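# Residue-level structure breakdown
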Amino acid sequence: MTTLRMPADEAEARALQDTLRARVVLDEPGPPPGTGRVTGVDVAYDDERDVVVAAAVVLDAATLEVVAESTAVGQVTFPYIPGLLAFREIPTVLAALESLPVDPGLVVCDGYGRAHPRRFGLASHLGVLTGLPVIGVAKNPFTFSYEQPGPHRGDRSPLLDGGEEVGQALRTQDGTKPVYVSVGHRTGLDNACAHTLLLARDFRQPETTRRADALCRRVLREATVRGRSGDGAGASEYPYG
């Protein structure tokens, strides 16, 4: 894992993004869909207390059964600046991943990879720092344009920044809004879309995101009720399904 370095200000954060972006690997296909493990990561905030909770939930890629999960509670140390959101989240996300008792396999972020104004969203940032294959599956298209994909599950269309394709708008369920898939690190775009479809068997969002979102929100409620404001992490392992 690359050592995490937190920037002191916006200018340093942008310079660090430029340095790390050069290390993104885009020429690997990634793990075959439906095999091994896949891990969802998500965060929840308490803005009044500047508390952030990250959750990492590992699923068996074939069955979608929970294999392991971990959480971390931290303090937000970087201001909200559009395009630099990863610096607010990544220390706590890394802590949650490091607490897992098993290898995470492919990591799925609730956010962006290449589909980012600077081509370096959280999925790319996390992939470079950990060396893991990572994809981003976002609920909104950020600032990019796309044609509506067809109405059926599996229909997709390019997510565009001018003439550059930065991701895909992917319909995961008939008649629902698409999700927005982009490459983070060490995974191809077609593979990322295939993983997303397998993970979104019953709902619009991948099961990885749904599980991680529910866990981090629950832990945030517990942490703020108890007045916790320091760092903490925990892990639990489940039998394979």
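None of the values given here were measured: they were computed from a predicted structure.

Cut-offs used in this document
- Residues numbered from 1 in each chain as written.
- Predicted model: local features only at pLDDT ≥ 70, side-chain atom pairs only at ≥ 80, totals over all residues.
- Heavy atoms only, no water.
- Helix = DSSP H or I, 4+ residues; strand = E, 2+ residues; numbered from the N terminus.
- Buried < 20%, exposed > 50% of the residue type's maximum accessible area, 1.4 Å probe, protein only.
- Contact = heavy atoms within 4.5 Å.
- Areas by Shrake-Rupley, 256 points an atom, 1.4 Å probe, with all protein chains shown as cover.
- Lys, Arg positive; Asp, Glu negative; His and termini not counted.
- Charge placed at Lys NZ, Arg CZ, Asp CG, Glu CD.
- Phe/Tyr/Trp six-rings, centres within 6.5 Å; stacked < 30°, edge-to-face > 60°.
- Lys NZ or Arg CZ within 6 Å of the ring centre and 35° of its normal.

Let us now look at the overall build of the protein. A count of helical and extended segments in the protein gives five helices and nine strands. Listing each helix as α and each strand as β along the protein from the N terminus yields α-β-β-β-α-β-α-β-β-β-β-α-α-β. Oriented by its inertia axes, the alpha-carbon framework of the protein measures out at about 50 × 45 × 30 Å. Scored against the burial criterion, the 241 residues of the protein give a buried share of 52%. For the protein, the share of sequence-separated contacts (at least 6 apart) that also reach a separation of at least 24 residues comes to 68%. In the structure as shown, the protein presents an accessible area of about 10,400 Å², 50% of it carried by carbon and sulfur atoms. Of the charged side chains in the protein, 25 are positive and 31 negative, and the gap between their average positions amounts to 1 Å.

Across all of its chains, the model carries four aromatic pairs by this definition. An angle of 65° between the planes, with centres 5.3 Å apart, marks the rings of Tyr-146 and Tyr-180 as edge-to-face. One end of the pair, Tyr-146, is in the loop between strand 5 (134-138) and strand 6 (156-161); the other, Tyr-180, is in strand 8 (residues 179-185), and 34 residues separate them in sequence. Under the relative-accessibility criterion, Tyr-146 is labelled partly exposed at 23%. Look at Tyr-180 and you get buried, because its relative accessible area is 5%. Ring-pair connections join several aromatic residues into one group, and the members of that group are Tyr-112, Phe-142 and Phe-144. In this structure, Arg-210 packs its charged tip against the face of Phe-203, placed 3.6 Å from the ring centre.

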